[in-house]
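Single-letter residue listing:
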Amino acid sequence: QVQLAESGGGLVQTGESLRLSCAASGVGRLLSNNAMGWFRRSPGKERDFVAAISWNGGSTNYAASVKGRFTIARDRAKNTVTLQMNNLTPEDTAVYYCAAFRGSYGGRSSDVRYWGQGTQVNVSS
């Protein structure tokens, strides 16, 4: 059974930073050739794409709202993916979900194979 466990959420003030981590377990090398990513769900909204990284880390893509502030990275050997979030604003308040895509590249929620349980990020003004 594959499990994705997020950590690193919390409460910060506007302009501060957080680093989210996602550890995959029960997979062995199962996810080493899969794209990984992050989505988020703000109160009263749909779950939206935030960032994705290709199977080998060579390609990344970001939502326009976070580009230049967030950075996604992965360690294939450790089956981990991180999301460095800088210059946070209250609009970034959401539950953040780690995702493992079916293919080597990803970005759409319909392409997600596994989801994490989510970690809450709150940004106060």
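Preceding this section is the structure that the text describes.
### Some remarks on the environment of Gly 8
Here Gly 8 is to be found in the loop between β1 (3–7) and β2 (10–13). Along the chain, Gly 8 and Thr 119 lie 111 residues apart, while their C-alpha atoms are 7.4 Å from each other. In contact with Gly 8, not counting residues within four places along its chain, are Leu 18, Arg 19, Leu 20 and Thr 119.

### Some thoughts on the sheet that holds strand β3 (residues 18–25)
One open sheet holds the four strands; their spatial order is β1-β3-β8-β7, and the pairing between them is antiparallel. The open sheet has two edge strands, β1 and β7 (70–75), and neither has a second partner. Mean inter-strand twist for the sheet, computed between neighbouring axes without regard to direction, equals 15 degrees. Pairing of β7 with strand β8 (residues 80–85) involves six bridges; the strand directions are antiparallel. Within the sheet, the bridge partner assigned to Arg 74 lies in β8 and is Val 81.

### Remarks on the side chain of Arg 74
Turning to its location among the elements, Arg 74 is positioned in strand β7. Of the side chains with opposite charge, Asp 75 lies nearest to the buried Arg 74, which makes no salt bridge, at 7.8 Å. Side-chain polar atoms of Arg 74 contact the backbone oxygen of Asn 34, separated by 2.6 Å. Within the structure, the side chain of Arg 74 is placed 3.4 Å from the backbone oxygen of Trp 55, a separation counted as a polar contact.

### A short note on the state of the cysteines
Going through the model one piece at a time under the given rule, you end up with one disulfide. Residue Cys 22 pairs covalently with Cys 98 via a disulfide, S to S 2.1 Å. Here the disulfide of Cys 22 and Cys 98 is left-handed, its torsion about the S-S bond being about -80 degrees. In this pair, Cys 22 is assigned in strand β3 and Cys 98 in strand β9 (residues 94–101), connecting sequence segments 76 residues apart. The two residues Cys 22 and Cys 98 agree in class, both being buried.

### Re the packing of aromatic side chains
In total, this model carries four aromatic pairs according to the counting rule given. Each ring, one from Phe 39 and one from Trp 115, has its centre 5.0 Å from the other, and the planes form 70 degrees; the classification is edge-to-face. With a gap of 76 residues between them, Phe 39 in strand β4 (residues 36–41) and Trp 115 in strand β10 (residues 112–115) connect regions that are remote in the sequence. Judged by its relative accessible area of 27%, Trp 115 is partly exposed. A connected cluster of aromatic rings, assembled from ring pairs, spans Phe 39, Phe 49, Tyr 97, Phe 101 and Trp 115. Above the face of the Tyr 97 ring, Arg 47 is positioned so that its terminal group lies 4.6 Å from the ring centre.

What counts and how
Here the residue numbers are simple positions, counted from 1 along each chain's written sequence. Restriction of local features to residues with pLDDT of at least 70 applies here, the model being predicted, together with a cutoff of 80 or more for giving and counting side-chain atom pairs; totals for whole chains, interfaces and linings are based on all residues. The side-chain quantities take in all heavy atoms of the structure and omit both hydrogens and water. Helix and strand definitions follow DSSP, with helices as H or I runs of at least four residues and strands as E runs of at least two, each counted in order from the N terminus. In this analysis, two residues are considered to be in contact whenever any of their non-hydrogen atoms come within 4.5 Å of each other. Here, any two strands with at least 2 DSSP bridges between them count as paired. Geometry is summarised by axes, namely lines fitted to C-alpha atoms with helices restricted to the contacting stretch, and by angles between N-to-C directions that run from 0 to 180 degrees. Relative accessible area decides the class of each residue, using a 1.4 Å probe on protein chains only: under 20% of the type maximum gives buried, over 50% gives exposed, and in between gives partly exposed. The convention is simple: Lys and Arg are positive, Asp and Glu are negative, and His and the chain ends are not counted. The salt bridge criterion pairs a side-chain nitrogen of Lys or Arg with a carboxyl oxygen of Asp or Glu, the two atoms within 4 Å. Think of a polar contact as two N or O atoms within 3.5 Å of one another; within protein, one of them needs to be a possible hydrogen donor and the other a possible acceptor, and neighboring residues in sequence only count if both atoms come from side chains. When two cysteine sulfur atoms are found within 2.5 Å, that pair is recorded as a disulfide. Put simply, two rings from Phe, Tyr or Trp (the six-membered ring, in Trp's case) pair if the centres are within 6.5 Å, and we call them stacked under 30 degrees between planes, edge-to-face over 60, tilted for the rest. Cation placement over rings: the criterion is NZ of Lys or CZ of Arg within 6 Å of the ring centroid and within 35° of the ring normal.

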